[in-house]
Structure formats: structure tokens, C-alpha cells
Amino acid sequence: AAKADGRGIHRFFRQELLIGAQSRKQLEDDLRHALAQDQFHVAYQPVVSTRTERIVGYEALIRWDHPTRGAISPTEFVPVAEDTGLIEAIGEWVLRTACMEAATWPKDIRVAVNVSPIQFANPSLPTVITSALAKSGIAPDRLELEITEGVFLDETASSEHMFKMLKGLGVRLALDDFGTGYSSLGYLKKAPFDKIKIDQSFVKGAAIAGNRNSAIIKAIVTLADTLGMETTAEGVEVQDEILLIRELGCSHIQGYVYGKPARAAEVVRQLAAADGMATASGYRVSRSP
Ligand code: C2E
Ligand code: MG
Ligand code: MG
Ligand code: MG
């Protein structure tokens, strides 16, 4: 009986793997047509200054409206796009779209775009960025590239060269998801980041008494301050977390508490409404609970 059971389980797993491989293949095929069929759009999430509580920029986040499956998360399809190389074309599309849409915003509002390590490893990236800036007409320092530690995993020599090229263009650089993955402090020395984005896993629970995350956030902020870098706390969801993050000295906050990622048209409305409330400078943001 044990033997039979064993075979049964074996067959079950084989079946699962097969289904997994099939749906993965399907996702790849669908992804190949998504750009041409206009199934992507970019959503924008506000980034707020801790000090002034005003919107200083937005992070561009890709959205895929699949014709039959509906919305598919970038956490599901970006890795597939990376494996297949499709991320090159998709990433370029995001860059161009985000710069074009940011061109309709007030000139002091920045846009942050996620750049995959695959794009970062391609020597044509600076040309792609130059062209996106030129076509949109936005100033280079309004564009912030969000890069993860993944870019350091390949050879360091070429990544150092890429960092120099990008800084030469005048764009800003942010280290995304800091504290997850490899988090070698050496990375901070190697690359001229303007900002560290503290991963949302550290923000989660940080406001609860006795939680050690707040000590970790404090340490990251101290490090960033010393290196002259800004800090954004990601995934801030509630008012208590705003208060704590401010106390810990982060310069910026991004999270549902200030707004979920929204379509470009909604951003224009947000900024217009905020402008109506603005005093000397900046765009006040309304706060959800
Ligand atoms: P990320 O760059 O770290 O983006 C932040 C993610 O956290 C976004 O998820 C955002 O919607 C989510 N988020 C923001 N505030 C909160 C909050 O208060 N609570 C919670 N629970 N989540 C919050 P999203 O849009 O699903 O994107 C996931 C990841 O996919 C991104 O993480 C990024 O790594 C990748 N991604 C998204 N768009 C692009 C893109 O255009 N290119 C590339 N290469 N990667 C992208
Ligand atoms: Mg990001
Ligand atoms: Mg992040
Ligand atoms: Mg992330």
C-alpha cells in the first residue's frame, strides 16, 4: 500500500509540475503580445515629504490588464519578462510612458521608474534614457531610477561604469527594497545613490511596541544620513506609522496611507486638487485612515 501511495504522490507532483510549466508557457506567450496589444498601463503612487507632508513625486508601477485573467501583478510577470528578455522592450516602454506623463505635471514633481537588472546590464540603457528624456522634455533630475541589489550580482566592473554613465546624464538613483536580499553595505559605497528605499517588510509592525523593526529603520536612516542620501519608507499604511517614520528621521514616505497607485488621469486630478490647497509651495496630500 505504501508503494502505491508513493507512486500516487509522485504522479500528483508530476501533474502539478506539468500544469505549472504549461501556465508559465502560456504567460510567456501572452506577455509577448501584451505590448503590441496595448494591455499595459502605468500606475503612479505618491511619494510624500515627511517634513512638509506634500507630494514631491510619484513611483511608476506597471500594470497588466490581461484580456482573460484580468489584472496580473508585476510580482508575477516581471520575473517572466526578465527570464525571456521581454523586460528590455517593456522597461523601455515604461520609461518613455512615465516621462511623457510626468511632463504634464508641475515641474517640481519627480517620477521614479523601476529598472530591472537586465536593463541595467545592457550598455544601451543610457541611450534609452536620453531618448525618453528628450522626447518628453522633462529635466533629467526629475527622473529617478529605482535599482535593486540584483544589479550588483553580475560583474561589478561594468555596473560601476553604468552608474557613472547614468550619473553623467543627471538622473537620480535610488536603491530599492533595501534590507532584503543581499544588502551588502559595500553596495552603498560603490554606487552614487541619492536615496535608499527601506523595504516595506521593515515598516510592517514597526509601530507596534517592542517591535525591533524600528531599530533597524533607525540604523538605516543613520547610515543614509552619514552618506548624504535620502530615505523613503515604503509600505506605510496607517497614521501611527507616519508618526514613527517621522520620528525615526526618514525624509520620505510612500504607502497606502497617502495613496494607492493610480492612473495618470487620477494623478493629474490629485495634483490639481492639492494645488488648490497649496500654500507657498508644494502639493498637500490628503490622508486615508
Ligand atoms: P517596488 O518597486 O518595491 O514597488 C512597491 C510595491 O509596493 C508596489 O507593488 C506598490 O503597489 C506596493 N505598495 C505601496 N504601498 C504599499 C502599502 O502601503 N502596503 C502594501 N501592502 N503595498 C504597498 P506592485 O505595484 O505590485 O509592484 C511590485 C514590484 O514589481 C515592485 O516593487 C517592482 O519590484 C516590480 N515592478 C513594478 N513595476 C515595475 C516596472 O515598471 N519595471 C520593473 N522592472 N519592475 C516593476
Ligand atoms: Mg520600486
Ligand atoms: Mg521597493
Ligand atoms: Mg519590491
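Residues numbered from 1 in each chain as written. Chains lettered and ligands numbered in written order. Predicted model: local features only at pLDDT ≥ 70, side-chain atom pairs only at ≥ 80, totals over all residues. Heavy atoms only, no water.

As annotated in an unreviewed UniProt entry, the protein chain carries the name EAL domain-containing protein and comes from Sphingomonas oligophenolica.

## Overview of the coordination of the magnesium ion (ligand 2)
Bound to the magnesium ion (ligand 2) on the protein side are Glu59 (OE), Asn114 (OD1), Glu146 (OE) and Asp176 (OD), at distances that span 2.0 to 2.2 Å. Here the donor residues of the magnesium ion (ligand 2) share one chain and are spaced in sequence as E-x54-N-x31-E-x29-D. In this structure, the magnesium ion (ligand 2) lies 4.0 Å from the magnesium ion (ligand 3), and both are coordinated by aspartate 176. One end of the pair, glutamate 59, is in strand β2 (residues 55–66); the other, asparagine 114, is in strand β4 (residues 110–114), and 55 residues separate them in sequence. Looking at glutamate 59, the relative accessible area reads 4%, which means it is buried. Residue asparagine 114 is classed as partly exposed on the basis of its relative accessible area of 30%. (Donors = N, O, S within 2.8 Å, 3.2 Å for Na, K, Ca; no water. Helix = DSSP H or I, 4+ residues; strand = E, 2+ residues; numbered from the N terminus. Buried < 20%, exposed > 50% of the residue type's maximum accessible area, 1.4 Å probe, protein only.)

## What about the pattern of salt bridges?
As enumerated under the stated definition, the model contains 15 salt bridges in all. Arginine 24 is the salt-bridge partner of glutamate 28, the closest N and O atoms lying 3.3 Å from each other. Taken as a pair, glutamate 28 and arginine 24 lie in helix α1 (residues 2–34) at a separation of four residues, close to a single helical turn. In this structure, a network of salt bridges that share partners links the residues Arg24, Glu28, Arg32 and Asp83. (Salt bridge = Lys/Arg side-chain N within 4 Å of Asp/Glu carboxyl O.)

## Focus on the site of ligand 1
The environment of ligand 1 is formed by 22 residues, the closest being Arg63, Asn114, Gln200, Glu237 and Tyr256. At 2.9 Å from an oxygen atom of ligand 1 is found a side-chain nitrogen or oxygen belonging to asparagine 114. Contact between ligand 1 and aspartate 176: an oxygen atom at 2.9 Å from a side-chain N or O atom of the residue. Look at ligand 1: alone it shows 800 Å² of surface, and the protein chains cover 84% of it. Per-element tally for the shell around ligand 1: the top contributor is β2, with four residues. Classifying every residue of the shell around ligand 1 gives eight nonpolar, seven polar and seven charged. (Near = heavy atom within 4 Å. Polar contact = N/O pair within 3.5 Å; in protein donor to acceptor, adjacent residues only side chain to side chain. Areas by Shrake-Rupley, 256 points an atom, 1.4 Å probe, with all protein chains shown as cover. Nonpolar A, V, L, I, M, F, W, Y, C, P; charged D, E, K, R; others polar.)

## A few points about the packing of helix α9 (residues 213–226) against helix α10 (residues 239–248)
Direction vectors running N to C along α9 and α10 enclose 40 degrees, while the axes themselves pass 9 Å from each other. Viewed along their axes, α9 and α10 adopt a mutual orientation that is oblique. As for the relative orientation of α9 and α10, their crossing is right-handed in sense. Contacts between α9 and α10 involve Ser214, Ile217, Lys218 and Val221 from the first element and Leu244, Ile245 and Leu248 from the second. In terms of residue class, the contact of α9 with α10 is built from five nonpolar, one polar and one charged. (Axes fitted to C-alpha atoms, helices over the stretch in contact; angles between N-to-C directions. Parallel < 35°, antiparallel > 145°, perpendicular 65-115°, else oblique. Left-handed = near helix turned anticlockwise from the far one by under 90°. Contact = heavy atoms within 4.5 Å.)

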